Amino acid sequence: MGRRSAAQEAGTVGGAVPAQADHREGGAGTWPEIRLPDNTGIDERIRGFGADPATKQPLKSVSVDRVDWTRSDARSLLEECLKDSKWRKAVLVRSERLKFWPGGFKAVGDAVVNCTGSPVGRSVGWSQTVSTTHGLTLSASASVGFEDVLTASFSMSYSVSWTVSKTFTDTTAVTVPSRHMGWLERSPTLQTLEGEIWMLLDDAKTALWGSATITGQATDGRPEGMLVAKERRLSSDEEKKWCTTRQEHVPVLPAALVPMLDGTTTTPRD
């Protein structure tokens, strides 16, 4: 679909690197699919407490116990630590690896229905928010504490920041053929941290650890997502519904009503 937006003319879509061969903003083969952490700082803290982060065994007179953070008892303890700024310092996120992958495509912005006999160009404004998910059911105050812990730990291991939530917004020019519906879809580039959450309890002389998987927007400087334009022919029922009053009519449908049906045509925004 048609002419590029101002952001694309400048070489970006939604702040990302311009699309190349694979049509994901920035191209294929440039960035690693997996990054390994430098856990020097994290492991020094765990060893300093008296636990071996590799073997999960005690190095001195402390207990090292594995827990399931999704269980109510372990989660309650984690909640209490995360709510208190003093106890929050006892919590660490230790990464084993960071995987990068493309998120699913979702409709962004409104759909344009062209009832005319000629192609129609429109500027479509769109927005997409990518938030962090971790599979833990935490209260609002504990979630804020966990975000602080995650951000600090991630920065220590990868020397880049973790973005808890990021919103991408832009306006993109599209051209919709006669008697077609057109819309935009976007796939964010995501990163998933696979590792552990550690809690180092001085008073109890106990180190608790449990597996964790945390996903959010990729933040290591790689392309941030892929934007594509999609189109499909209107069905006879849709033409009757939207195009009977006036042949020059160009309805705009909310993104939530965009039907994702087989037979659509995808045009990468390059």
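Located above this text is the structure these notes cover.
Below or above, wherever it landed, is the structure these notes cover.

Procedures and definitions
- Numbers given to residues run from 1 along each chain, matching the order in which its sequence is written.
- For a predicted model such as this one, the threshold for reporting local features is a pLDDT of at least 70, and the threshold for listing and counting side-chain atom pairs is 80 or more; totals across whole chains, interfaces and linings nevertheless cover every residue.
- Side-chain calculation: all heavy atoms of the structure are included, whereas hydrogens and water are not.
- In this scheme, a residue with accessible area under 20% of its type's maximum is buried, one over 50% is exposed, and one in between is partly exposed, where area comes from a 1.4 Å probe on protein chains only.
- The helix count covers DSSP runs of H or I at least four residues long, the strand count covers runs of E at least two residues long, and both are numbered beginning at the N terminus.
- Strand pairing follows a simple DSSP-based rule, namely that at least 2 bridges must link the two strands.
- Note on terminology: disulfide denotes any pair of cysteine sulfur atoms within 2.5 Å.
- Given the number of residues in a helix, its expected span is that number minus one, multiplied by 1.5 Å.
- In this description, contact between two residues means that some pair of their heavy atoms is separated by no more than 4.5 Å.
- Between Lys or Arg on one side and Asp or Glu on the other, a salt bridge is scored when a side-chain nitrogen of the former is within 4 Å of a carboxyl oxygen of the latter.

## Some remarks on the pairing of strand E7 (residues 180-201)
Stage number 1. In terms of burial, E7 is largely enclosed, as 21 of its 22 residues are buried.
Stage number 2. Bridge count between strand E3 (residues 91-102) and E7: 11 bridges; the pairing is antiparallel. Along E7, the bridge assignment pairs Lys 99 with Thr 192.
Stage number 3. Here strand E4 (residues 106-114) pairs with E7 via 6 bridges, running antiparallel. Each bridged residue has a counterpart across the sheet, and for Val 112 the counterpart in E7 is Gly 182.
Stage number 4. Bridge count for E7 against strand E9 (residues 225-233) is 9 bridges, and the pairing is antiparallel. In the strand pairing of E9, Leu 184 is matched with Ala 229.
Stage number 5. Of the pairings in the sheet, the one linking E7 to strand E8 (residues 206-217) comprises 12 bridges and is antiparallel in character.

## Structural notes on the state of the cysteines
Stage number 1. The final tally for this structure, using the stated rule, is 1 disulfide.
Stage number 2. Here Cys 115 engages in a disulfide with Cys 243; their sulfurs sit 2.0 Å apart. On the sign convention where negative means left-handed, the S-S torsion of about -65 degrees between Cys 115 and Cys 243 marks this disulfide as left-handed. You can see Cys 115 sitting in the loop between E4 and strand E5 (120-131) and its partner Cys 243 sitting in helix H5 (residues 236-243), a full 128 residues away along the chain. For the residue pair Cys 115 and Cys 243, the accessibility class agrees, reading buried in each case.

## Some points on helix H4 (residues 140-158)
Stage number 1. Its 19 residues give H4 an end-to-end C-alpha distance of 27 Å, which sits within 8% of 27 Å, the value for a rise of 1.5 Å per residue.
Stage number 2. At its buried positions, H4 is contacted by strand E1 (34-35), helix H2 (40-49), helix H3 (72-83), E3, E7 and E8.

## Section: the pattern of salt bridges
Stage number 1. Counted under the stated rule, the structure contains 16 salt bridges.
Stage number 2. Lys 83 is paired through a salt bridge with Glu 79; the nearest N and O atoms lie 3.7 Å apart. Highlighted residues: Lys 83 and Glu 79, both in helix H3, separated by 4 residues, approximately one helical turn.
Stage number 3. Exposure remark for Glu 79: the relative accessible area of 11% places this residue in the buried category.
Stage number 4. The salt bridge partner of Glu 80 is Lys 83, with a shortest N-O separation of 3.9 Å. Of this pair, Glu 80 and Lys 83 both sit in helix H3, 3 residues apart, which is roughly one turn of the helix.
Stage number 5. A relative accessible area of 39% places Lys 83 in the partly exposed class.

All we've got here are geometric facts, nothing functional implied.
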